[in-house]
Amino acid sequence: MVQKSSKFLRSISLTIYSMLATNNTAFRPRLLSTIISGTQLAKQVYKEVQRDVESWMSLGNRRPQLTVILVGDNPASHTYVRNKMKAAAAVGICSEIILKPKDISEEELLDLTAKLNHDSRVNGILVQLPLPDHIDERTVCNIVAPEKDVDGFHIINVGRLCLDQPSVIPATAAAVWEIIKRTGIQTFGKNVVVAGRSKNVGMPISMLLHTDGEHERPGGDATVTITHRYTPKEQLKIHTQLADIIIVAAGIPKLITADMVKEGAAVIDVGINHIHDPLTGKTKLVGDVDFQEVKKKAGFITPVPGGVGPMTVAMLLKNTLITAKKQALTL
């Protein structure tokens, strides 16, 4: 009886193993998704920046200073700027806000920015976007001195980024790249889909991920496909189902659903959308990914809020320290 039982158990084991080895997903163990805390990663960056600021000052250098120009009364912009100022103080970076009314002329804003360019106390200049419709954002971004452009939006910094040369990298793109590296997500030879083509987010993220890792400014050596809000949903789905990494920055809630993601893929959600919550009757912040469903399939996923956002602020402060050091070398 013992021998027969042993043969029976061995037979059952072989049957189960065979099922697991086939394409029958019903017998595959479900992957546990890793929810990436941008808040925790940002704390790591803050500690590093704070340590570097203290080390920098111990050599007799001035404390770095970040100046933010805030135009108008957009509640979201005011919240973002407050968060930046609070974080700057925490790491030992001086900061100031210059508030201007929404009806400020473009000429006056350009003059103000030009004065800050020549102010030796100021190491980093940030003009909070978006600006009122009567002001051309590209003109304003290009008036900021490239060496003080902590947003990385000046045409020279954008050009150097596209040529794989060292430059100030836009904070959101830098945040995504830093999340990928610190989480250990592999990019070499991987398929990446970037949903979003903005020149401030989607484009620089794509540049960082596809660049040769041996270049002057190393990249991810990935194969990158760029899509956008007008890519037909079925075409988008074809691309995302093949992707090892999906980065979404299109500004469309639930653009990426579970059926569009392959098992184990990394999903980085850069979307910021304020929608009405029928359960609470209040406005809530969501990304571009159907988080609750996609997290059941993804290997890694960032939440909104608490994902890319905190890391963006951290990388902005890192940019401020970098620009301060570079300016000191040219004196």
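Conventions and cut-offs
Residues numbered from 1 in each chain as written. Predicted model: local features only at pLDDT ≥ 70, side-chain atom pairs only at ≥ 80, totals over all residues. Heavy atoms only, no water. Helix = DSSP H or I, 4+ residues; strand = E, 2+ residues; numbered from the N terminus. Buried < 20%, exposed > 50% of the residue type's maximum accessible area, 1.4 Å probe, protein only. Contact = heavy atoms within 4.5 Å. Areas by Shrake-Rupley, 256 points an atom, 1.4 Å probe, with all protein chains shown as cover. Lys, Arg positive; Asp, Glu negative; His and termini not counted. Charge placed at Lys NZ, Arg CZ, Asp CG, Glu CD. Core = buried A, V, L, I, M, F, W, Y, C linked by side-chain atoms within 4.5 Å. pLDDT = per-residue confidence, 0-100. Pairing = 2+ DSSP bridges. Axes fitted to C-alpha atoms, helices over the stretch in contact; angles between N-to-C directions. Parallel < 35°, antiparallel > 145°, perpendicular 65-115°, else oblique. Left-handed = near helix turned anticlockwise from the far one by under 90°. Nonpolar A, V, L, I, M, F, W, Y, C, P; charged D, E, K, R; others polar. Patch = residues over 30% accessible without salt bridge, like charges linked within 9 Å, V, L, I, M, F, W, Y side chains within 5 Å. Salt bridge = Lys/Arg side-chain N within 4 Å of Asp/Glu carboxyl O.

Further remarks concern the overall build of the chain. Helix and strand counts for the chain stand at 11 helices and 11 strands. Principal-axis analysis of the C-alpha atoms gives the chain an extent of 90 × 50 × 40 Å. Out of the 331 residues belonging to the chain, those deemed buried represent 45%. Once local pairs closer than 6 in sequence are excluded, the contacts in the chain between residues at least 24 apart make up 68%. By element, 57% of the accessible surface of the chain is carried by carbon and sulfur atoms, the whole surface being about 17300 Å². Distance between charge centres in the chain, computed from 39 positive and 32 negative side chains, equals 10 Å.

Counting 52 residues, the largest nonpolar core has Leu66, Ile93, Val176, Ile205, Ile247 and Met311 as the members making the most contacts within it. When sequence neighbours within four positions are dropped, the list of residues in contact with methionine 311 reads Gly38, Leu41, Ala42, Val45, Ala175, Glu178 and Ile179.

With that out of the way, let us pick up the confidence of the model for the chain. Of the residues in the chain, 90% reach a pLDDT of 70 or more, and the chain-wide mean stands at 91. For residues 1–5, every residue scores under 50 in pLDDT, and the model assigns this stretch 0 contacts once sequence neighbours within four places are set aside. Predicted confidence is poor over residues 12–29, with pLDDT under 50, and the contacts of this stretch with residues over four places away or in other chains come to 7 contacts.

Another aspect to go through is the sheet that holds strand E2 (residues 65–71). Remark on secondary structure: sheet strands pair via backbone hydrogen bonds, oriented parallel or antiparallel. Taking strand neighbours across the sheet as the criterion, the 3 strands line up as E3-E2-E4 in an open arrangement whose pairing is parallel. Every other strand in the sheet has two partners, leaving strand E3 (94–100) and strand E4 (124–127) as the edge strands with one partner each. Looking at each pair of strands side by side, their axes are set apart by 15° on average, direction ignored. Relative to E4, E2 is paired through 4 bridges, and the arrangement is parallel. By the bridge assignment, isoleucine 69 is partnered in E4 with valine 127. Each of E2 and E4 is contacted by helix H11 (residues 308–330), which is oriented at about 125° to E2, the strand it contacts most.

Glancing now at the packing of helix H7 (residues 171–183) against H11. Relative orientation of the contacting elements H7 and H11 amounts to 110°, with a least axis distance of 8 Å. Put simply, H7 runs roughly perpendicular to H11. Judged by the sense of rotation from one axis to the other, the crossing of H7 with H11 is right-handed. Each of Ala171, Thr172, Ala174, Ala175, Val176, Glu178 and Ile179 in H7 lies in contact with H11, whose residues at this interface are Val308, Met311, Thr312, Met315, Leu316, Lys318 and Asn319. For the contact of H7 with H11, the residue count by class is 9 nonpolar, 3 polar and 2 charged.

Before going further, it helps to spend a moment on a negative patch on the surface. Residues Asp103, Glu107, Glu108 and Asp111 make up a contiguous surface patch of negative charge. Along the chain, the position of glutamate 108 falls in helix H4 (residues 106–117).

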